[in-house]
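Analysis of the macromolecular model
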Amino acid sequence: MRHDSNLGLHCYIIADIEENVETPLIEFRDVIKRFDEKTILERVNLDIYENQITTIIGKSGSGKSVLLKHIIGLLSPDEGDILFRGQSIHKMKKSEWDGYRSKISYMFQNNALFDSMSVFENIALPLRQTTNLRRKEIEQKVMSRCEQMELADAILQYPSELSGGMQKRVALARALVTDPTIVLFDEPTTGQDPIRKNIILSMIAHYRKQFEFTAILISHDIPDVLFISDRILLLWEGKIAFHGTYEELSHLKHPMIDEFLQSITGLRDELTGLLSKEIFRARYSLMLGIGQSDTALTAIIFSVHFERLSEALGHQAAIEVVKALGEYVHKYFDPIGGFSTRHSREQILTILPRIGAEEAERLMLEMAEGFQSKKLPEIQAAAGKRIGVKASFEISVSAGLTNSSEDDDIELMIDRAEANQKIIARYQ
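Residues numbered from 1 in each chain as written. Predicted model: local features only at pLDDT ≥ 70, side-chain atom pairs only at ≥ 80, totals over all residues. Heavy atoms only, no water.

Inspection of the entire model under this criterion finds seven aromatic pairs. Judged by centre distance (4.8 Å) and plane angle (55°), the rings of Phe-84 and Tyr-100 are tilted. Placement of the pair is Phe-84 in strand E5 (residues 79-84) and Tyr-100 in helix H2 (residues 94-102), with a sequence separation of 16 residues. Among the aromatic side chains, those forming a connected cluster through ring pairs are Phe-84, Trp-97 and Tyr-100. (Phe/Tyr/Trp six-rings, centres within 6.5 Å; stacked < 30°, edge-to-face > 60°. Helix = DSSP H or I, 4+ residues; strand = E, 2+ residues; numbered from the N terminus.)

Spelled out as structure tokens, the structure:
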């Protein structure tokens, strides 16, 4: 953790356990950007590494979109430099700049769709402008993206005929259709419902892994976007105030970071309805603070596993399983004093105060039986009806539990519970 005295505040950078000697893909070095008399970026320094998802968070008007536009070259810094693989992008020759620019795709916050073009034509435009693909090849690539993103029925429609959410998906499909090296996402899930937000984020994570591109996002959709992020940058008053993981961010205690976290912790997780991580930790700490040393306490970690589900029924089915599990866990354990959070994209963490391991295991298995016999068939039936097929796939839920005492750290409990996991529900 480093403190940069030049920032006028504490700048927290969480260092890797082993020093990363790899050259960053993109570097900002003392970048300053002003509009008239207002300074938007003030000596910004950051590193973005290849094949990762980096998410930039911060208050509205903090300069997140301005930072993104510097990467693609829509804006130039007043002072400082931006490097790509160690080379200044502002000193590149025209051929080098064209090569750099062709590696980047950008999804605009306002979508930037052409009203005079159909959905198909909008998505095909980058392929027609930047590649030498034949007409048939372009059609195949565009239709593949449309099918993956549930846009096949809208290809002949125009943007003005679509809802805001549908327009967002068209813009995302266009950003991904060229299989870029770097994709910049400016608020990719704005205006979407919780299910659709998580579908889009899941697709970003899936495509990043499949095609090995580097994703850079700015988003207000916390905590959903943080579950897919390898690194998080907190832009605060024009400076990079924090660089690290979500877990590291939530553990830090500093007025600046506390103020930011307090702006998001009043909300429950939109997808599952469970507590945010910060509220969950605060409730756990409060519970221990009032004295629980002689009281039983059990932690359970639930994990969802999929075999061929996304391929068979699409990303929405996988997201709906996680949503259903979170809702079911909350409905079952909340009345008896339990409280839960979404620990990761496909994990739920539950604390059961005043309940020992034996009773907790009985409750856990009872809950799993109901989830397997009631909720999973409903999801399969709804998904199958939606796409008109009976697909072959498997969903399993594993769970592990551990006893705890007032001195136990949450992370220690999670590690112990994960080590004890076994399959408690399966649906084929």
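What sets the pattern is the α-helix's 3.6 residues per turn: residues three or four places apart point alike. Taking 1.5 Å per residue, 14 residues should reach 20 Å; helix H4 (residues 135-148) reaches 20 Å between its end C-alpha atoms and fits that length. Listed as buried for H4 are Ile-138, Val-142, Arg-145 and Cys-146. Taken around the axis of H4, the buried residues stretch over an arc of 100°, which confines them to a single face. Opposite the packed face of H4, turned more than 90 degrees from it, sit the exposed residues Lys-136 and Glu-147. Residues of H4 that are buried make contact with helix H3 (119-130), helix H5 (164-176) and helix H6 (194-211). Immediately beyond the C-terminal end of H4, within one or two residues, lies Glu-150, with a positive phi of roughly 55°. (Expected span 1.5 Å × (residues − 1). Buried < 20%, exposed > 50% of the residue type's maximum accessible area, 1.4 Å probe, protein only. Arc of directions from axis to C-beta. Contact = heavy atoms within 4.5 Å.)

The antiparallel open sheet is built from four strands, whose spatial order is E3-E2-E5-E6. Bordering the open sheet on either side are strand E3 (38-48) and strand E6 (87-88), each of which pairs with just one other strand. Of the pairings in the sheet, the one linking strand E2 (residues 26-35) to E5 comprises five bridges and is antiparallel in character. Within the sheet, the bridge partner assigned to Glu-27 lies in E5 and is Leu-83. Helix H1 (residues 64-72) contacts E2, E3 and E5 of the sheet and is inclined by roughly 120° relative to E2. (Pairing = 2+ DSSP bridges. Axes fitted to C-alpha atoms, helices over the stretch in contact; angles between N-to-C directions.)

A packed helix pair is summarised by two numbers, namely the angle formed by the two axes and the spacing between the axes. At a closest axis distance of 10 Å, the pairing of H3 and H4 adopts a crossing angle of 130°. If you check the angle between H3 and H4, you find them oblique. In the crossing of H3 with H4, the sense of the turn from one axis to the other is right-handed. On the side of H3, the interface is formed by Phe-120, Ile-123, Ala-124, Leu-127 and Arg-128, while H4 contributes Ile-138, Glu-139, Lys-141, Val-142, Met-143 and Cys-146. Considering only residue class, the contact of H3 with H4 consists of eight nonpolar, no polar and three charged. (Parallel < 35°, antiparallel > 145°, perpendicular 65-115°, else oblique. Left-handed = near helix turned anticlockwise from the far one by under 90°. Nonpolar A, V, L, I, M, F, W, Y, C, P; charged D, E, K, R; others polar.)

Closest axis-to-axis distance for the H3/H5 pair is 7 Å, and the angle between their directions is 30°. The angle between H3 and H5 falls in the class roughly parallel. Like other packed secondary-structure pairs, H3 and H5 cross with a definite hand, here right-handed. Together, Val-119, Asn-122, Ile-123 and Pro-126 of H3 and Val-170, Ala-173 and Arg-174 of H5 make up the contact between the two elements. The residue inventory of the contact of H3 with H5, partitioned by class, reads five nonpolar, one polar and one charged.

In this section: H5. With 13 residues, H5 extends 19 Å between its outermost C-alpha atoms, agreeing within 8% with the 18 Å of an ideal straight helix rising 1.5 Å per residue. Of all 13 residues in H5, 11 are buried; the element is thus mostly enclosed. Taken together, the buried positions of H5 are Gly-165, Met-166, Lys-168, Arg-169, Val-170, Ala-171, Leu-172, Ala-173, Arg-174, Ala-175 and Leu-176.

Despite not being glycine, Arg-43 has its phi angle at roughly 55°, a positive value. The phi angle at Asp-179 is positive, at roughly 50°, despite the residue not being glycine. Inspection of the secondary structure puts Asp-179 in the loop between H5 and strand E8 (182-186).

All right, on to the environment of Asp-334 then. The topology assignment puts Asp-334 in the loop between helix H11 (315-333) and strand E13 (339-344). The class of Asp-334 is partly exposed, set by a relative accessible area of 37%. It is 9.1 Å that separates the C-alpha atoms of Asp-334 and Leu-352, two residues lying 18 residues apart in sequence.

Quick look at the sheet that holds strand E16 (residues 422-427) now. Read from one edge of the open sheet, five strands run E13-E14-E12-E15-E16, paired in antiparallel fashion. One side of each edge strand has no neighbouring strand; the edge strands of this open sheet are E13 and E16. If you compare each strand with its neighbour and ignore which way they point, the axes differ by 25° on average. As paired strands, strand E15 (residues 394-403) and E16 are joined by five bridges and run antiparallel to one another.

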